[in-house]
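Breakdown of the fold
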Amino acid sequence: MVDLSLRGIKKRFRTVDVLHGIDLEIKDKELVVFVGPSGCGKSTLLRLVAGLDPITDGEFWMAGTKMNDVAPSRRGIAMVFQSYALYPHMDVYENMTFGARLMGLDNAEVERRIAEAARMLRLDALLKRRPKELSGGQRQRVAIGRALVRKPELLLLDEPLSNLDAALRSEVRLEIAKLHRDIGGTTIYVTHDQVEAMTLADRIVVMNQGRVEQFGSPRELYETPANTFVATFIGSPQMSLLEMERDGDRIGIAGTGSVVPGRLPAADERQVIVGVRPDAVVITPGEDGEGLSARVVYTEYLGDNAFTYVRLANGQLISVRCTPDTEFAIDAPVRVGLLPNKAHFFSSATKQRLPA
Amino acid sequence: MFTKQLTGRRLWIAALIMPPLVFVCLFIVYPIISAFAYAFFEWSGLARGDFVWFENFHKVLFVEPFASRTVNAFSHNVFVFFALMVFQNGLGFVLAYFLWRELPGFRFHRIAVFLPVVLSTIVVGFLWRLFFHPLFGPVNAGLKALGLGFLTQPWLGQDTTALWSIVFANAWHMVGFPTLVFLAGMQRIPGEVLDAVRMETQSEWVKITKIVWPLVAPSATVVFTLLFVGAFNWFELPYIMVGLEGSPHGSTDVLGLYFYRTAFGNQSGAPPDFGAGSALAVLIFLFIAIVAGTLTIRMRRREIEL
Ligand SMILES: Nc1ncnc2c1ncn2[C@@H]1O[C@H](COP(=O)(O)OP(=O)(O)OP(=O)(O)O)[C@@H](O)[C@H]1O
Ligand SMILES: [Mg+2]
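Not measured: the values here are computed from a predicted model.

Each value, and the rule that gives it
- Residues take numbers from 1 onward in each chain, read along the sequence in its written order.
- The lettering of chains begins at A and the numbering of ligands begins at 1, in the order of writing.
- Only residues with pLDDT of at least 70 are given local features in this predicted model, and only at 80 or more are side-chain atom pairs given and counted; all residues enter the totals for whole chains, interfaces and linings.
- The basis for the side-chain values is all heavy atoms of the structure; hydrogens and waters are excluded.
- Between two residues, a contact is recorded if the distance between any of their heavy atoms is within 4.5 Å.
- Put simply, buried area is the surface a 1.4 Å probe can reach on two separate parts but cannot reach once they are joined, added for both.
- For salt bridges, the criterion is a side-chain nitrogen of Lys or Arg within 4 Å of an Asp or Glu carboxyl oxygen.
- For helices the rule is a DSSP run of H or I covering at least 4 residues; for strands it is a run of E covering at least 2, with both sets numbered from the N terminus onward.
- Ten residue types, Ala, Val, Leu, Ile, Met, Phe, Trp, Tyr, Cys and Pro, are classed as nonpolar, four, Asp, Glu, Lys and Arg, as charged, and the remainder, Gly among them, as polar.
- Structural elements are reduced to axes, namely lines fitted to C-alpha atoms, with helices fitted over the stretch in contact, and the angle between N-to-C directions of any two is expressed from 0 to 180 degrees.
- The handedness criterion is simple: a crossing whose near helix is rotated anticlockwise from the far helix by less than a right angle is left-handed, and one whose near helix is rotated clockwise is right-handed.
- For every residue, the accessible area (1.4 Å probe, protein chains only) is compared with the maximum for its type, and the residue is labelled buried under 20%, exposed over 50%, or partly exposed between those bounds.
- Any two strands between which DSSP finds at least two bridges are classified as paired.

**Observations concerning the interface of chain A and chain B**
Contacts between the two partners involve 28 residues from chain A, matched on the other side by 18 residues from chain B. If you sort the residues of chain A by the area they bury against chain B, Tyr87, Pro88 and His89 of chain A come out on top, with a joint share of 26%. At the junction of chain A and chain B, the tally comes to 1 salt bridge. When residues of the side of chain A that touches chain B are traced back to their parent elements, those giving at least two are α1 (42-50), β6 (77-80) and α2 (92-102) of chain A. Of the residues that constitute the side of chain A that touches chain B, the class distribution is 16 nonpolar, 6 polar and 6 charged.

This is how it looks when you write it as structure tokens:
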């Protein structure tokens, strides 16, 4: 029942500008993921939304109410912290009832909500334990449970999986996705892991150095990245960026060769940055022929897939997805070609996407 | 080979333990045992008389005028303990909270609070005796300057205010210690735990009573125990500020002063009574040891891992 509106949000710590004007419209019931490299301001933005730190400039609205000066506990927001932040002197049951009681709910209602959360998060057997007697995954579930019993209008999660091991991570990630489907409240989820972002999000906010680079669905981000930052941040292995020159329907690199990429950008800049994902490239063995000349650096064999890294004649490295049965000798000469209409084009000057 | 090594190791351990052990025996265990022994004899001056069983204990506890003096002194120790618990430890907690929250001026106060702790008790006692002087003391002068002249008192000279004044001086002197311990306890609370509370309530009272205090309480064990021991061993400050008699009219008399007068005599000519003094010392020691021991064990159990 809440939509959020962030208008020109800025944050300054003493003399350091951390957020430089964030504008976001988040819809009701949406699961939005903030993703970006370490130190880009994700946690800072989340804390501003929670009300834990004051907003330096700009406005934050929830469901049509301006929230800048509302105390954190009055915003109808619950937060799951990276370190879980459970109260060490209370058992699991007390941890979960503490906030619910403070909301003025009667006992029967509190008990009902705890029973529900305990069932949903499989906490029944743990209710009498102290946090230090729980495993990381269990603490995580308690932290989520504590947030859920308050039935918040907005749920915030700051890197909730970063203290878990890899196996547990994907398990809890599925649980969070399922919880969101079942409960369906507006949720903001912070991570620096793009796989988490892609798998969980309705929409993703890609942040970099205190700015929003792009806000869109995982598919939009992957298929039409707005700039070179988003292009290289989303997708693994990374998209390779090549400085190339346009010549008619061909693009090429001096001394390396040229290819026909299919669709070209509408703008007629000569120098462009061409972005190619590993699955947009094909390599064929041999010195001569169509395409860019390159040499094999090494092959990463992953069982169902293999990635071959090749170095172009101009020294640039690109990754290529191959079938697992292809084998290239190290240093073998190859020709690099592009699949039609798979390349992304960015302006050399602004690094922004050049639409077709 | 093996036994040889073992003996070598044992020798080392013995060699390292012996000196402190000898020291402790000579200067702590032996005097305590002697006091125990002295308490069972009759004394005239420094000459030991007959073995009298529990007569000395009986005297200080049940025979007048000794008994009522003992009770009077003990009740003052109890008062001092509770007064300091409230004013010294309570104020220490409040100060620690303000320093921890970094309220305006916290840098100055952080130092101001801890400075008196490093002064010796002798100096503090002397200082406050001057401050409380009815004619020349800054306390009364200050009250007058503030237009509160009607509040001026002979602070140390009347039985309604004397003990309070010494307690005040003690709190002023030592408040930095509980402050330091509480502050350390507060600084150990993880920031995200405090953020988590802020998400659930904006009441400072709930935050302090339900989160901060329970998490700091375990580190208060040592503060409480030391205060207890200090309050029942109280001697230097009253001795310097009001003298050996607990004047005026015994209103500041405490066990420490009373023991000293009994065992070693006083200026007004009462003869030293080593037996009764030792009996008092033994009783004080047992009382402190038993209560402080129980207190420590009980409170240790509540300790919480963060
Ligand atoms: N209290 C503070 N005082 C000064 N600078 C701060 C403060 N908090 C954060 N910063 C700075 O703001 C920037 C953004 O920090 P933030 O914690 O939001 O990053 P993040 O995106 O959450 O990174 P991570 O993925 O590592 O958690 C960092 O450069 C950090 O140094
Ligand atoms: Mg962070």
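**Focus: the packing of helix α8 (residues 176-187) of chain B against helix α10 (residues 204-232) of chain B**
Axes are the key here: two packed helices are described by the angle between their axes and the distance separating the axes. Residues and elements named next belong to chain B. At a minimum axis distance of 9 Å, the contact between α8 and α10 shows a crossing angle of 150°. Like other packed secondary-structure pairs, α8 and α10 cross with a definite hand, here right-handed. Across the interface between the two elements, Phe177, Pro178, Val181, Phe182, Gly185 and Met186 of α8 pack against Val212, Trp213, Val216, Ser219, Ala220, Val222, Val223 and Leu226 of α10. Of the residues assigned to the contact of α8 with α10, the class counts are 12 nonpolar, 2 polar and no charged.

**Digging into the pattern of salt bridges**
Residue and element names in this part refer to chain A. In the structure shown here, the tally under the stated rule is 20 salt bridges over all chains. As a salt-bridge pair, glutamate 175 and arginine 122 come within 2.4 Å of each other at their nearest N and O atoms. Note that glutamate 175 is positioned in helix α5 (residues 166-183) and arginine 122 in the loop between α3 (107-121) and α4 (136-148), a separation of 53 residues in sequence.

**Comments concerning the pairing of strand β20 (residues 344-347) of chain A**
A regular strand places its side chains so that they alternate between the two faces of the sheet. Residue and element names in this part refer to chain A. Of the two faces of β20, the one holding His344 and Phe346 and the one holding Phe345 and Ser347 are both buried throughout. Of the pairings in the sheet, the one linking strand β14 (residues 271-276) to β20 comprises 4 bridges and is antiparallel in character. In the strand pairing of β20, valine 274 is matched with phenylalanine 345.

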